[in-house]
Each structure stands twice: as C-alpha cells, then as structure tokens.
2 protein chains.
Amino acid sequence: MIVLLTGGTGGAKLVLGFHEETAPEDLVVVCNTADDSVVHGLHVSPDVDTIVYTLAGLIDPAKGWGIRGDTFAVLDQLQRLGNESWFRLGDRDIATHLTRTRMLAQGQPLSLITATLCRELGVSSAVLPMSDERVETRLSTPEGELSFQEYFVKARWQPEVLSLRYQGIEQCRPAPGVLEAIRGADLVAVCPSNPATSIGPILAVPGIREALRETSARVAAVSPMVRGRSFSGPAHRFMAILGVEASVAGLAGAYRDFVDVLVIDTEDRDLQPAVEKLGIDVKATSIRMDTLDDKRRLAREILRFSS
Amino acid sequence: MIVLLTGGTGGAKLVLGFHEETAPEDLVVVCNTADDSVVHGLHVSPDVDTIVYTLAGLIDPAKGWGIRGDTFAVLDQLQRLGNESWFRLGDRDIATHLTRTRMLAQGQPLSLITATLCRELGVSSAVLPMSDERVETRLSTPEGELSFQEYFVKARWQPEVLSLRYQGIEQCRPAPGVLEAIRGADLVAVCPSNPATSIGPILAVPGIREALRETSARVAAVSPMVRGRSFSGPAHRFMAILGVEASVAGLAGAYRDFVDVLVIDTEDRDLQPAVEKLGIDVKATSIRMDTLDDKRRLAREILRFSS
C-alpha cells in the first residue's frame, strides 16, 4: 500500500504518476480539505475534487483543476443574477458539489461522500479527506483575514501573508482510514504541494504527524520548489511563515521529524549536504512534471529507491 | 392595478397577454408555491419561475417552462453521479435555484428573493409567491402519497388521485403585499390554471379567499377547460376532488363565492345559463391561447368588459 499526502494541482501530478505506475487499488490518497469553501451555498472541496477528477481521467489538463471541456452556463447566469463569479465553477463540476452538499445535509460524512463519488466515476484508488470535520485555513494579510480561495483565486495570491491558522484543527479528527493507512503503508510520499497551505493542514490534524513519525514505512517527500521558487503558485512565499527559509534545506527542516528521504531537483544538488545534515536522505533528480512521462518517471524513481 | 392569480404553464399564457396589454408595473402576479420542491438540495419554485421567466422574455416557448436554449450539463453529470434526473433542471435554471436556496439559507423570505430575481432579470411587474411559508400539495394515489412534481413529472400524471391536501396551509400567511394588492386592485383575474393544484392552494391561504370576496374590484376567472377537458395537463381530472363536475358549470360552483364573471369558450356556450344561475356573469369567447396574439386578445377582452 502506497499512501500519498497531497493538495490540489501540483500534488495531483505526482498522484497521477503513481496511479499509472502501480495498481490503482493499492493507492491511498489523503487530501487537504482546509481549502474547502461554501460557494453559492455549495460545499466545494477543491483538492479532493482535483484528485478525484485526475484519477477519473476527467481533469482539465490545461488548468489543472475542473473537468475537461466543462461549460459555464450556470456561472454565467449566476453572474447575471447579481452573484459573484470569481470562483470558476463549471457546470459538470457543479454536479459534484450539488451531490456533496445534498449528502452532507443528509448527515453523511465527507469521507463516505468522496468514496461514493469515486465509485460513480470509476476511481478504484482510495481518496480520503484528511478529516470529516470542517477545518479552514485563514490567512492574515494587510487587507484583513482571507480564506485560502479568497487569497489564491480572488486576490490572485498578491497580498502579503503575515500569518496563517487552521481554524478548527484542534477539534478535528483524521477521517476514518487515514491513520490506519499511514501505519500500514509500504511507502508514504508527501507530494510537491504547498507545505503551509496544503501539506501543513494535513500534518496538523491531531494524530497524523505522529503516525508519520511512527510508521515503519519509508516516508519520502518531493520538493515543490527549485532554487527557492515554486513551479507555480505561491508555495515559496509561505516558507517564512513556517519559520524556515525558502529552499529545499528549509523544507527539510520543516519535515525533518518524519521524512526519511527528500526528493530534490538536480539544480538544488548544492543543498544536498545541508539536508543530509538533518539526517534526511536525498535523492536528486528532475522533479519538473510537465508531461505524463515526467510524472510516471518520478513516481517510478520514488518506488525504486523506496523498495 | 391588475392582480392575477396563477399557477405555471397554463396561467402564464394569460399573464403574458396582460403583460403585453398593460403597463407592466401595474401588474401584480400572485403565484402558487404549493408545488415547490427540494431537488438535489435546491429549492425549486416551478410556478414562480415560469412566471418570472415569462415576464423576463426567457421562457422556453416550446416546453412552457425553463429557459429558452438552456443546456443540461449539470443534470447529465448528476445522473452520471448516480442521482435521479426525472426533474429536468437546465443549467441556467439551476442558477436561479442556487441563488434562491442560498438566500433562503441566509434567512431571506421567498417574496424578497423573488423580487431580487425579478429586478436582476429586468421584470418590472410584481411577482408575489402566495406565501413565504412552506406549503406542499400532497396527492393521495393508489401508489401512495405523492408530491405534485412526483405525480405530474415523474409519474406523468397517470396515477388516479383519490384526494389531496395542502400540507402546512393552516399555519401559513399570505406573502407581504398579497392581501393589499387584492383589496386595492381595479381588476382581479384568476388565470386558467388547475383549480385544485394551482389556484386551490392560493385560495386556501388564510385570508386570500376572504379578500377576493370583499374586494371592490371585479373578479374574473378564465376557464382552463373546454367541453370538460383541459387544454393540457390533468386539470379536469381534479374537478371531482373539488366536489364539482368537470365543466365550466362545475368551475363556476367552485369559484361562486368570489367570482363576478367567468370567461368560457364559445364551445361551452350551452352551459352559460347554468353558470348564470349561480349569479356569475359569463363572457363566452375563444379561450385557446396558442399564439401571442391569442394571449393579448384574451387579456384585452377581459380588460374591456371589466372596465
């Protein structure tokens, strides 16, 4: 069993690589849910959906989120009716949110709803929300406190982030199966997602970080940065908030208590000694994942040096 | 001020006729809401929407409900996700229901939400739900109790209806403005909608029937039947439930306490004496409304003999 911890778009690339390189039913994907939002009254789980759509072969490859070829008739009309429309929900995507929102209202937990969506879309890997309870990343900026979507989508990650908190995290519990999967895994891989806003909430769910420390599985993490810059998005800007520098050495410091091996780009090879000094093995390779071949190759390499 | 009492598709034809023949801002349309349903977690108000879309010029003229040229991407995907899809919600139509459902959840009353939708869609007539409280027509059939939509859409009005009740009617109050409009009207017209399932609930809202009896306005009603058969739909099948025969004479009996003039088709002219015997004036004309010209002519005739 291979357990992947992931956020949305960036992490989904590695998730897809593993999906193509292993038996899909051996894969357990634990997703961040701290970016979940209520939009037009609909419960949207952006990271869960990106992973489910990716594994179902539905993902829009250009955008990295949403459903390929989706239309926007509902959103156009919502706008005409005076609603905000900065959060781009496609028509087919809305069907997911309608189904989820209705099932939540009927008292079903997010984990069970996600399993139902996976089954209906033919996804045979397990996709687990980090928690069935509501957790929300709140970002403190000079413009006030923002949700992640307000910061990332509406404000196009331009505001300076002074601090963040995961509202509700202390009271939440890991979703059923999460701790068991980590403890029983053969390999755990932390995907190249934002360490503060995607991986951070997962690690902060009570019990998950401990399970990662204690599991007998090898725990690998893939850097989301090269030369201190993210491939896309603002991950590097969040490193200071974690109290570490924006580099693979900083990342190693943030993950040092549970990671066995850090996968860094060959361009960052000069930082290998700094990472190893923390007792973490290093694997330097090309971590750029533009093509499906890139994704599969990286997954294959991780599988090879972890077995 | 002209007040129209109406259900959906059938009544909407006369509503459009009046809209084209008068100043739109002089029109107050009171709509049945006892067919309202929660579909995929969305609050759908079929009759209100049909009237709003009609007055906004958005109505699908072929179907008589929904938005012209609407697409069904959300519904297709909902079906793929294992949801029922017999209730045909178009994509743009769903934007209406999302807006309404969100505003209801925020505590806004249906009447205010409807006014907002009208404003955003450029409708200058007042469209009032009969009540802001939830009322639901429940039909007793050999197959068990059905909601109106289950009976009408899902079961295609095939089951025998043994009886009906308007659940919640005793506790509900007329929406703000309804009684005032009836009392202050120059003319009230009861549209050719189902007397049991569309007009019946409106009349059963505490206070409305009394206001119709007491208003100094002339109250006209247009028959939804010719020779005891509805133009479309099952209206004639419901007359027995009201305790009257399926004819304009039966209709006159059901409305006799508040209607001044009954508009019947020339084909029903032989029943004119039976209606007049109840103290109701009769206007026999062509009540078929296939074209916009038909709708305008009928509205014009009602305006003429009522002024």
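All of the points below concern the structure found in this document.

### Focus: the interface of chain B and chain A
- Opposite the 26 residues of chain B that make contact, chain A presents 26 residues.
- Roughly 2,300 Å² is buried in total at the junction of chain B and chain A, and carbon and sulfur atoms are behind 63% of that figure.
- At the surface where chain B touches chain A, the tally comes to zero salt bridges.
- Where chain B touches chain A, the interface holds four residue pairs in polar contact (both at pLDDT 80 or more).
- At the level of secondary structure, the elements contributing two or more residues to the side of chain B that touches chain A comprise helix H3 (73–80), helix H4 (91–105) and helix H5 (110–120) of chain B.
- At eight residues, H4 of chain B tops the list of elements feeding residues into the side of chain B that touches chain A.
- A breakdown of the residues in the side of chain B that touches chain A according to their chemical character gives twelve nonpolar, eight polar and six charged.

### Remarks on the environment of Leu251 of chain A
Residues and elements named next belong to chain A.
- Tracing the backbone through its elements, the reader meets Leu251 in helix H10 (residues 248–255).
- Judged by its relative accessible area of 0%, Leu251 is buried.
- Expressed as a C-alpha distance, the spacing of Leu251 and Pro195, which sit 56 residues apart in the sequence, is 7.8 Å.
- Apart from the residues within four sequence positions on either side, Leu251 is in contact with Pro195, Ser223, Pro224, Met239, Glu245 and Leu262.

### A short note on the relation of the copies chain B and chain A
- For the match of chain B to chain A, the screw axis carries a shift of 0.0 Å, the RMSD comes to 0.0 Å, and the turn is 180 degrees. Taken together, the turn and the small shift mark the pair as related by a two-fold rotation axis. Taking the C-alpha atom as reference, chain B places Asp91 of chain B closest to the rotation axis, 3.5 Å from it.
- The residues that chain B uses at the interface reappear at the interface of chain A in 100% of cases, marking a shared surface.

### Remarks on H3 of chain B
- Looking only at H3 of chain B, the buried set comprises Ala73, Val74, Leu75, Gln77 and Leu78 of chain B.
- Among the structural elements, helix H3 (73–80) and helix H4 (91–105) of chain A together with H4 of chain B are those in contact with the buried residues of H3 of chain B.
- In the segment just after H3 of chain B, Gly82 of chain B is the residue with positive phi, at about 95 degrees.

### Here's the deal with the sheet that holds strand S1 (residues 2–6) of chain B
All names here are of chain B.
- Spatial ordering of the open sheet is given by S5-S2-S1-S9-S10-S13-S14, a layout of seven strands whose pairing is parallel. Pairing within the sheet leaves two strands with one partner each, and these edge strands are strand S5 (126–129) and strand S14 (281–285). Across the sheet, the mean angle from the axis of one strand to that of its neighbour is 20 degrees, orientation sign disregarded.
- Relative to strand S2 (residues 27–31), S1 runs parallel, the two sharing five bridges. In the sheet register, Thr6 faces S2, and the bridge partner there is Cys31.
- Across the sheet, helix H1 (residues 9–21) touches S1, S2, strand S9 (187–190) and strand S10 (218–222), and the angle it forms with S1 is around 165 degrees.

Conventions used here
- Counting restarts for each chain: residues are numbered from 1 in the order of the written sequence.
- Chains and ligands are labelled sequentially in the order written, the chains with letters from A and the ligands with numbers from 1.
- With pLDDT at 70 or above as the cut-off, local features in this predicted model cover only qualifying residues; side-chain atom pairs require 80 or more to be listed or tallied, and sums for whole chains, interfaces and linings still use all residues.
- Excluding hydrogens and water, the side-chain values take into account all heavy atoms of the structure.
- The contact criterion used throughout is that any non-hydrogen atoms of two residues lie within 4.5 Å.
- Accessible-area loss on putting two parts together, using a 1.4 Å probe and summing over both, is the definition of buried area adopted here.
- When a carboxyl oxygen of Asp or Glu is within 4 Å of a side-chain nitrogen of Lys or Arg, the pair counts as a salt bridge.
- N or O atoms within 3.5 Å of each other form a polar contact, as long as, within protein, one can give a hydrogen and the other can take it, and as long as residues adjacent in sequence are counted only when both atoms are side-chain atoms.
- A run of DSSP states H or I qualifies as a helix once it reaches four residues; a run of E qualifies as a strand once it reaches two. Both are numbered from the N-terminal end.
- Only Asp, Glu, Lys and Arg are considered charged in this grouping, and only Ala, Val, Leu, Ile, Met, Phe, Trp, Tyr, Cys and Pro are considered nonpolar; every other residue, Gly among them, is considered polar.
- Burial classes: relative accessible area under 20% of the type maximum marks a residue as buried, over 50% as exposed, and values in between as partly exposed (1.4 Å probe, protein chains only).
- When the copies are overlaid, the least-squares fit takes in C-alpha atoms only where the residue has pLDDT of at least 70 in both copies.
- Strands are labelled as partners when DSSP assigns at least two bridges between them.
- Lines fitted to C-alpha atoms define the axes here, with helix axes fitted over just the stretch in contact, and angles between the N-to-C directions of these axes take values from 0 to 180 degrees.

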